[in-house]
Amino acid sequence: MRGTAFHASGNSTASADGKQEIWSDPEQGLRLRYSGSEMSGDMYCNDGTTYTSATLLAAMLKQRGQRIDVPEELSDVYVSSETGQGCDAYYAIHESASPVPEKDKSIGGKQTEAFEVASGSTQDTYYIAKDVNHLLRLESSRDGRTSVTTYDSFGEKLSISMPAAEKVMTMDRFREEVTGS
(Lines give C-alpha, C1' and ligand atoms only; values in the text may rest on other atoms or scores of the structure.)
Protein backbone atom coordinates (compact mmCIF):
# COMPACT_ATOMS: atom_id res chain seq x y z
CA MET A 1 0.00 0.00 0.00
CA ARG A 2 3.02 2.26 0.20
CA GLY A 3 2.79 2.78 -3.55
CA THR A 4 -0.88 3.68 -3.94
CA ALA A 5 -3.33 6.27 -2.67
CA PHE A 6 -6.14 5.09 -0.40
CA HIS A 7 -8.78 6.17 2.10
CA ALA A 8 -9.71 4.50 5.39
CA SER A 9 -12.33 5.11 8.05
CA GLY A 10 -13.63 3.55 11.22
CA ASN A 11 -13.83 3.82 14.94
CA SER A 12 -10.79 3.94 17.21
CA THR A 13 -9.51 2.29 20.36
CA ALA A 14 -8.10 5.65 21.55
CA SER A 15 -11.42 6.65 23.15
CA ALA A 16 -14.86 5.13 23.70
CA ASP A 17 -16.57 7.11 20.92
CA GLY A 18 -13.57 7.93 18.74
CA LYS A 19 -13.77 7.93 14.95
CA GLN A 20 -10.89 8.28 12.52
CA GLU A 21 -10.53 8.91 8.84
CA ILE A 22 -7.28 8.56 6.88
CA TRP A 23 -6.25 9.74 3.43
CA SER A 24 -2.86 8.64 2.11
CA ASP A 25 -1.01 9.32 -1.12
CA PRO A 26 2.66 8.35 -1.51
CA GLU A 27 3.38 11.61 -3.36
CA GLN A 28 1.47 13.95 -1.03
CA GLY A 29 1.66 12.37 2.41
CA LEU A 30 -0.94 11.24 4.91
CA ARG A 31 -3.78 13.00 6.71
CA LEU A 32 -5.60 11.56 9.71
CA ARG A 33 -8.71 13.22 11.14
CA TYR A 34 -9.75 12.08 14.60
CA SER A 35 -13.03 12.99 16.31
CA GLY A 36 -14.53 12.01 19.63
CA SER A 37 -15.71 13.50 22.91
CA GLU A 38 -12.31 13.02 24.59
CA MET A 39 -10.21 14.39 21.70
CA SER A 40 -10.42 15.67 18.16
CA GLY A 41 -8.10 17.15 15.58
CA ASP A 42 -5.94 16.43 12.57
CA MET A 43 -2.55 14.88 12.08
CA TYR A 44 -0.46 14.97 8.91
CA CYS A 45 2.68 13.12 7.90
CA ASN A 46 5.11 13.75 5.07
CA ASP A 47 8.72 12.65 4.51
CA GLY A 48 9.27 11.47 8.09
CA THR A 49 7.74 14.54 9.75
CA THR A 50 4.45 14.42 11.62
CA TYR A 51 2.30 17.52 12.15
CA THR A 52 -0.25 17.15 14.96
CA SER A 53 -2.87 19.79 15.75
CA ALA A 54 -2.13 21.37 19.11
CA THR A 55 -5.53 20.43 20.53
CA LEU A 56 -5.16 16.78 19.49
CA LEU A 57 -1.62 16.66 20.89
CA ALA A 58 -2.80 18.11 24.22
CA ALA A 59 -5.58 15.51 24.44
CA MET A 60 -3.15 12.69 23.65
CA LEU A 61 -0.78 13.92 26.35
CA LYS A 62 -3.67 14.18 28.82
CA GLN A 63 -4.41 10.49 28.25
CA ARG A 64 -0.81 9.81 29.29
CA GLY A 65 -1.21 11.85 32.48
CA GLN A 66 0.25 15.17 31.28
CA ARG A 67 -2.20 18.06 31.42
CA ILE A 68 -1.54 20.83 28.92
CA ASP A 69 -3.90 23.73 28.31
CA VAL A 70 -3.67 25.07 24.78
CA PRO A 71 -4.07 28.86 24.67
CA GLU A 72 -6.63 30.15 22.15
CA GLU A 73 -3.91 31.67 19.95
CA LEU A 74 -2.40 28.19 19.45
CA SER A 75 -5.67 26.36 18.78
CA ASP A 76 -5.02 26.31 15.01
CA VAL A 77 -1.30 25.47 15.22
CA TYR A 78 0.33 22.17 14.26
CA VAL A 79 3.25 20.76 16.22
CA SER A 80 5.96 19.12 14.13
CA SER A 81 8.06 16.16 15.17
CA GLU A 82 10.53 14.00 13.29
CA THR A 83 9.41 10.38 13.32
CA GLY A 84 12.53 8.79 11.90
CA GLN A 85 10.30 6.57 9.82
CA GLY A 86 7.93 6.86 6.88
CA CYS A 87 4.25 7.72 7.03
CA ASP A 88 3.43 4.08 6.37
CA ALA A 89 4.04 3.48 10.08
CA TYR A 90 0.42 4.67 10.56
CA TYR A 91 -1.03 1.83 8.50
CA ALA A 92 1.71 -0.77 7.95
CA ILE A 93 1.06 -4.37 8.88
CA HIS A 94 3.29 -5.27 11.79
CA GLU A 95 6.18 -7.51 10.73
CA SER A 96 5.34 -10.09 13.38
CA ALA A 97 1.84 -10.68 11.94
CA SER A 98 1.14 -14.37 11.38
CA PRO A 99 -1.40 -15.98 9.04
CA VAL A 100 -4.64 -17.06 10.69
CA PRO A 101 -6.36 -19.11 7.93
CA GLU A 102 -9.40 -19.89 10.07
CA LYS A 103 -10.28 -16.15 10.03
CA ASP A 104 -9.99 -15.75 6.23
CA LYS A 105 -13.25 -14.32 4.86
CA SER A 106 -14.87 -12.33 2.09
CA ILE A 107 -15.05 -8.54 2.54
CA GLY A 108 -16.93 -6.47 0.01
CA GLY A 109 -16.97 -9.40 -2.39
CA LYS A 110 -13.19 -9.93 -2.22
CA GLN A 111 -11.59 -12.96 -0.63
CA THR A 112 -9.10 -12.02 2.08
CA GLU A 113 -6.35 -13.65 4.06
CA ALA A 114 -6.21 -12.89 7.77
CA PHE A 115 -3.00 -12.05 9.63
CA GLU A 116 -2.81 -11.40 13.36
CA VAL A 117 -0.58 -9.80 15.95
CA ALA A 118 -1.39 -10.25 19.64
CA SER A 119 0.39 -9.17 22.80
CA GLY A 120 -1.22 -8.99 26.22
CA SER A 121 -4.54 -7.13 25.95
CA THR A 122 -3.73 -5.91 22.42
CA GLN A 123 -4.76 -7.71 19.25
CA ASP A 124 -4.80 -6.65 15.59
CA THR A 125 -6.28 -8.74 12.78
CA TYR A 126 -5.46 -7.59 9.25
CA TYR A 127 -7.57 -8.72 6.30
CA ILE A 128 -5.62 -8.52 3.03
CA ALA A 129 -7.25 -8.94 -0.37
CA LYS A 130 -5.75 -11.98 -2.09
CA ASP A 131 -6.02 -10.63 -5.62
CA VAL A 132 -4.38 -7.18 -5.16
CA ASN A 133 -2.55 -7.47 -1.81
CA HIS A 134 -4.34 -4.44 -0.29
CA LEU A 135 -5.35 -4.17 3.34
CA LEU A 136 -9.17 -4.07 3.30
CA ARG A 137 -9.92 -4.16 7.02
CA LEU A 138 -8.21 -3.91 10.38
CA GLU A 139 -9.93 -5.17 13.51
CA SER A 140 -8.22 -4.07 16.73
CA SER A 141 -8.65 -4.58 20.43
CA ARG A 142 -6.86 -2.54 23.10
CA ASP A 143 -7.60 -2.89 26.82
CA GLY A 144 -11.23 -3.85 26.20
CA ARG A 145 -11.92 -1.31 23.43
CA THR A 146 -12.44 -2.54 19.89
CA SER A 147 -12.26 -0.87 16.51
CA VAL A 148 -12.82 -1.71 12.87
CA THR A 149 -11.14 0.30 10.11
CA THR A 150 -12.12 -0.22 6.47
CA TYR A 151 -9.73 0.66 3.63
CA ASP A 152 -10.97 1.69 0.18
CA SER A 153 -10.53 4.05 -2.80
CA PHE A 154 -7.21 2.48 -3.82
CA GLY A 155 -5.47 4.44 -6.55
CA GLU A 156 -8.05 7.23 -6.62
CA LYS A 157 -6.91 10.83 -6.85
CA LEU A 158 -6.68 12.58 -3.48
CA SER A 159 -5.82 16.09 -2.43
CA ILE A 160 -3.73 16.31 0.74
CA SER A 161 -2.16 19.63 1.75
CA MET A 162 0.26 19.84 4.64
CA PRO A 163 -0.31 22.64 7.18
CA ALA A 164 0.95 26.08 6.10
CA ALA A 165 4.47 26.86 7.37
CA GLU A 166 3.20 29.82 9.43
CA LYS A 167 0.86 27.43 11.33
CA VAL A 168 3.64 24.98 12.30
CA MET A 169 5.89 25.05 15.36
CA THR A 170 8.41 22.62 16.77
CA MET A 171 7.68 20.53 19.84
CA ASP A 172 10.24 22.52 21.84
CA ARG A 173 8.63 25.82 20.92
CA PHE A 174 5.17 24.43 21.69
CA ARG A 175 6.34 23.35 25.16
CA GLU A 176 7.78 26.82 25.76
CA GLU A 177 4.51 28.44 24.72
CA VAL A 178 2.23 26.27 26.86
CA THR A 179 4.47 26.07 29.95
CA GLY A 180 5.89 29.60 29.85
CA SER A 181 9.45 28.35 30.25
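Scroll up to find the structure this text is about.
Keep in mind that this is a model prediction, so the values were computed, not measured.

**Some remarks on the side chain of Thr4**
Next up, step 1: Relative to the assigned elements, Thr4 resides in the segment before β1 (6-11).
Next up, step 2: For Thr4, the side chain forms a polar contact with the main-chain nitrogen of Gly155, separated by 3.1 Å.
Next up, step 3: Beyond its immediate chain neighbours, meaning those up to four positions away, Thr4 contacts Ser24, Pro26, His134, Phe154 and Gly155.

**As for the layout of surface pockets**
Next up, step 1: Computed from the structure, the largest pocket encloses a volume of approximately 1100 Å³.
Next up, step 2: Looking at the largest pocket, it is lined by 42 residues, and the ones nearest its centre are Ala14, Gln20, Leu32, Met60 and Tyr90.
Next up, step 3: Considered class by class, the residues forming the lining of the largest pocket number 23 nonpolar, 13 polar and six charged.

**As for the state of the cysteines**
Next up, step 1: As enumerated under the stated definition, the model contains one disulfide in all.
Next up, step 2: A sulfur-sulfur separation of 2.2 Å characterises the disulfide bridge that pairs Cys45 with Cys87. Here Cys45 and Cys87 share a disulfide; its torsion about the S-S bond, -90°, makes the bridge left-handed. You can see Cys45 sitting in strand β4 (residues 41-46) and its partner Cys87 sitting in the loop between β6 (78-82) and β7 (98-99), a full 42 residues away along the chain.

**Regarding the pattern of salt bridges**
Next up, step 1: As enumerated under the stated definition, the model contains ten salt bridges in all.
Next up, step 2: The partner of Lys105 in a salt bridge is Glu139, with the nearest N and O atoms 3.3 Å apart. With Lys105 in the loop between β7 and β8 (106-107) and Glu139 in strand β11 (residues 135-142), this pair connects stretches of sequence that are 34 residues apart.
Next up, step 3: On the basis of relative accessibility, which here comes to 23%, the residue Glu139 falls in the partly exposed class.
Next up, step 4: Sharing partners across several salt bridges, the network here consists of Arg31, Arg33 and Asp42.

Definitions and cut-offs
Residues numbered from 1 in each chain as written. Predicted model: local features only at pLDDT ≥ 70, side-chain atom pairs only at ≥ 80, totals over all residues. Heavy atoms only, no water. Helix = DSSP H or I, 4+ residues; strand = E, 2+ residues; numbered from the N terminus. Polar contact = N/O pair within 3.5 Å; in protein donor to acceptor, adjacent residues only side chain to side chain. Contact = heavy atoms within 4.5 Å. 1 Å grid on protein atoms, 1.4 Å probe; cavity = no way out; pocket = protein on both sides within 12 Å on 5 of 7 lines; lining within 4 Å. Points joined across faces, edges and corners; volume = space filled by probe spheres on them. Nonpolar A, V, L, I, M, F, W, Y, C, P; charged D, E, K, R; others polar. Disulfide = S-S within 2.5 Å. Salt bridge = Lys/Arg side-chain N within 4 Å of Asp/Glu carboxyl O. Buried < 20%, exposed > 50% of the residue type's maximum accessible area, 1.4 Å probe, protein only.

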